[in-house]
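So the chains spell out like this:
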Amino acid sequence: MTESMLMEMGRNSLVLILTLTTPPLLAGLVVGLAVSIVQAVTQIHEATLTFAPKLLAFFAVMALLGPWMLQNMIAYMASLINSLPNLVR
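A short tour of the structure in this document, coming up. (Residues numbered from 1 in each chain as written. Predicted model: local features only at pLDDT ≥ 70, side-chain atom pairs only at ≥ 80, totals over all residues. Heavy atoms only, no water.)

## A short note on the packing of helix α1 (residues 3-42) against helix α2 (residues 51-82)
- Two elements in contact, α1 and α2, have axes separated by 10 Å at closest approach and are oriented at 170 degrees. If you check the angle between α1 and α2, you find them roughly antiparallel.
- Taken together, the residues of the contact of α1 with α2 sort by class into 19 nonpolar, six polar and one charged. (Axes fitted to C-alpha atoms, helices over the stretch in contact; angles between N-to-C directions. Helix = DSSP H or I, 4+ residues; strand = E, 2+ residues; numbered from the N terminus. Parallel < 35°, antiparallel > 145°, perpendicular 65-115°, else oblique. Nonpolar A, V, L, I, M, F, W, Y, C, P; charged D, E, K, R; others polar.)

Here's what the structure looks like:
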């Protein structure tokens, strides 16, 4: 195993992590911002009010993009398993 192979494996894993976590995080960010604007306009300042919409948005994104995320994780794991013979000298 060379240093460049190890660096590439680390980079690929970080790219996959960022790719898979961005949609749910962005959904939570957008919903949280919308709820905060509604709270500011209506002057209802309840901290627990933002939790349920964020949770629903997170699960909606996971339901919609779950198969795509799973397909990406399976492809990455298959590439890692296929590269095992190249890692050991």
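## Overview of the packing of aromatic side chains
- Tallied over the full model, the rule gives one aromatic pair.
- Seen from their ring centres, Phe58 and Phe59 are 5.6 Å apart, and the 65 degrees between their planes marks the pair as edge-to-face.
- Given the relative accessible area of 47%, Phe59 is considered partly exposed. (Phe/Tyr/Trp six-rings, centres within 6.5 Å; stacked < 30°, edge-to-face > 60°. Buried < 20%, exposed > 50% of the residue type's maximum accessible area, 1.4 Å probe, protein only.)

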